[in-house]
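Spelled out from the first residue to the last, the chains are:
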Amino acid sequence: MTDALSPESATIALPTPKVEIDVSLKSLFDHLAQEGFRPKIDEDGSLGFKCEGWKLYLDPYSSQGGFRLYCCVYWELDPADRTKALNIANEINADRRCVKAVVNGNNTVWLTYETHCADVVEYARTLASAADFIVTGCREYREAFRRESQPMTLN
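Summarised in this report is the structure supplied together with it. None of the values given here were measured: they were computed from a predicted structure.

1. Observations concerning the sheet that holds strand β5 (residues 54–60)
Neighbouring strands of a sheet are bound in pairs by backbone hydrogen bonds; such pairs are parallel or else antiparallel.
Item 1. Within the open sheet, the 6 strands sit side by side as β3-β4-β5-β6-β8-β7. Their pairing is antiparallel. Edge positions in the sheet fall to β3 (40–41) and β7 (99–103), since each of these pairs with one other strand and no more.
Item 2. When β7 meets strand β8 (residues 109–115), the two strands line up antiparallel, connected through 5 bridges. Bridging from a neighbouring strand, Ala101 pairs with Leu111 of β8.
Item 3. This element, helix α3 (residues 120–146), spans β4 (47–51), β5, β6 (67–74), β7 and β8 of the sheet and lies at about 20° to β6.

2. Quick look at the pairing of β8
Item 1. For β8, a buried count of 5 out of 7 residues is recorded, marking the element as mostly surrounded by other parts of the structure.
Item 2. The pairing of β6 with β8 spans 7 bridges and is classified as antiparallel. Residue Tyr74 lies in a different strand from β8, and its bridge partner there is Val109.
Item 3. Hairpin connection between β7 and β8: a loop of 5 residues separates the two successive antiparallel strands, and Asn107 in this loop has a positive phi of roughly 60°.

3. A word on unusual backbone geometry
Item 1. Even without being a glycine, Glu52 presents a positive backbone phi close to 50°.
Item 2. Secondary-structure assignment places Glu52 in the loop between β4 and β5.
Item 3. Positive phi is not limited to glycine here, since Glu76 has a value of about 50°.
Item 4. You can see Glu76 is positioned in the loop between β6 and α2 (82–95).

Parameters at a glance
Chains are numbered independently. Their residues run from 1 in the order of the written sequence. A pLDDT threshold of at least 70 governs which residues receive local features in this predicted model, and a stricter bar of 80 or more applies before side-chain atom pairs are shown or counted, although totals over entire chains, interfaces and linings include all residues. Only hydrogens and water are set aside; all other atoms, that is, all heavy atoms of the structure, feed into the side-chain values. Strand pairing follows a simple DSSP-based rule, namely that at least 2 bridges must link the two strands. Going along the chain from the N terminus, every DSSP run of H or I of four or more residues is numbered as a helix, and every run of E of two or more is numbered as a strand. Note on definitions: a residue-residue contact is assigned when non-hydrogen atoms from the two residues lie within 4.5 Å. Here an axis means a line fitted to C-alpha atoms, over the contact stretch when the element is a helix, while the angle between two N-to-C directions is reported on a 0 to 180 degree scale. The rule is simple: take the accessible area with a 1.4 Å probe, protein chains only, and divide by the maximum for that residue type; under 20% is buried, over 50% is exposed, in between is partly exposed.

Put into structure tokens, the structure is as follows:
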């Protein structure tokens, strides 16, 4: 039995790693394809698809049940903008249900939508609204981040 080979260079070919695809992820892949999206399974096993110009990713929580849908809003912001990024993340977290904004150590901003559903069929019914929540949250985050704070005049 021969494994598929991936070219590393013109002269060397290494075996392509096989990613174990979760059954529920495969089911969601099929659901997204039927809905007209073009989903792809990444090399790390995440399901990725584009929605309204945003690249969304989907992972199942194997031990806890449920799923996480997430999107990168900003990639490696300038460290000087970290405080502003955190403040806006806090505003998004306070104002939105089910959506969390996270600024990680690399000053990369992610929005996630996490939920626990009884099964994949139930989650598939909510996936379109979850994607809408994420896309709307990403837009709101970008608008707030681009907004310049106005100087305050005190009497």
